[in-house]
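Tertiary structure, described
Spelled out, the chains give:
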Amino acid sequence: MRFYFDIRDKLAIRDEVGRELESASEAVVYAKYLAADLRCLEPDVRSHLAIQVIGEGHQQIHEEVVFA
């Protein structure tokens, strides 16, 4: 299955390529890793920064807040 990982803040950055993963639970775990990477790279805490996991059918599966 292909999942997309959109980055949301004041503006959205759409993932147009996506990533092949076996299940939605793997996609959620991958989003958690992406959020951890963003926390390391982003010098300022941005309370609205999040990663949205989008499934093949364009439905949102999960939203991972980067700075919780």
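Quick summary incoming for the structure in this document. (Residues numbered from 1 in each chain as written. Predicted model: local features only at pLDDT ≥ 70, side-chain atom pairs only at ≥ 80, totals over all residues. Heavy atoms only, no water.)

1. Regarding unusual backbone geometry
Here is the rule we go by: The way it works is that DSSP assigns letters per residue, a run of H or I at least four long becomes a helix, a run of E at least two long becomes a strand, and they are numbered from the N terminus. Burial status follows relative accessibility: with a 1.4 Å probe on protein chains alone, a residue under 20% of its type maximum counts as buried, one over 50% as exposed, and anything between as partly exposed.
The backbone of H58 shows a phi angle near 65 degrees, a positive value even though the residue is not glycine. Structurally, H58 can be placed in the loop between strand 4 (50-54) and strand 5 (60-65). Take H58: its relative accessible area is 65%, and that puts it in the exposed class.

2. A short note on the pairing of strand 4
Note the following rule: For two strands to be treated as a pair, DSSP must find no fewer than two bridges joining them.
Summarising burial for strand 4: five of the five residues are buried, a large majority. Side chains A50, Q52 and I54 of strand 4 all project onto a buried face; the interleaved residues I51 and V53 project onto the opposite face, where all are buried too. Of the strand pairs in this sheet, strand 1 (residues 2-8) and strand 4 are connected by five bridges, and their pairing is antiparallel. Across the sheet, the residue bridging to R8 is A50, located in strand 4. In this structure, strand 4 lies alongside strand 5, joined through five bridges in antiparallel fashion. Among the inter-strand pairings, Q52 is bridged to a residue of strand 5, identified as E63. Where strand 4 folds back on strand 5, the antiparallel hairpin that results is connected by five residues, among which H58 adopts a positive phi of roughly 65 degrees.

3. Remarks on helix 1 (residues 24-41)
Defined as follows: Between the first and last residue of a helix there are one fewer steps than residues, each counted as 1.5 Å, and that sum is the expected span. Working definition: the arc comes from the directions between the helix axis and the C-beta atoms, pointing outward to the latter. What makes two residues a contact is simply this: any of their non-hydrogen atoms within 4.5 Å.
In this model, helix 1 (18 residues) spans 26 Å end to end at C-alpha, consistent with the 26 Å of a helix rising 1.5 Å per residue. Turning to helix 1, its buried residues number three or more, namely A27, V28, A31 and A35. One face of helix 1 carries all of its buried residues, which in axial projection span an arc of 100 degrees. Every exposed residue of helix 1 that faces more than 90 degrees away from the buried side is listed here: S25, Y33, C40 and L41. Packing partners of the buried residues in helix 1 comprise strand 1, strand 4 and strand 5.

4. What about the nonpolar core?
Here is the rule: Throughout this description, the term nonpolar core refers to a set of buried Ala, Val, Leu, Ile, Met, Phe, Trp, Tyr and Cys residues connected via side-chain atoms within 4.5 Å.
F3, F5, L21, A27, A31, A35, L49, I51, V53, V66 and F67 form the largest nonpolar core, which has 11 residues in total. If you list the elements that add at least two residues to this core, you get strand 1, helix 1 and strand 4. When residues of this core are assigned to their parent elements, the largest contribution, three residues, is made by helix 1. Every residue in contact with L21, bar those within four places of it in the chain, is listed here: M1, F3, F5, E26, A27 and Y30.

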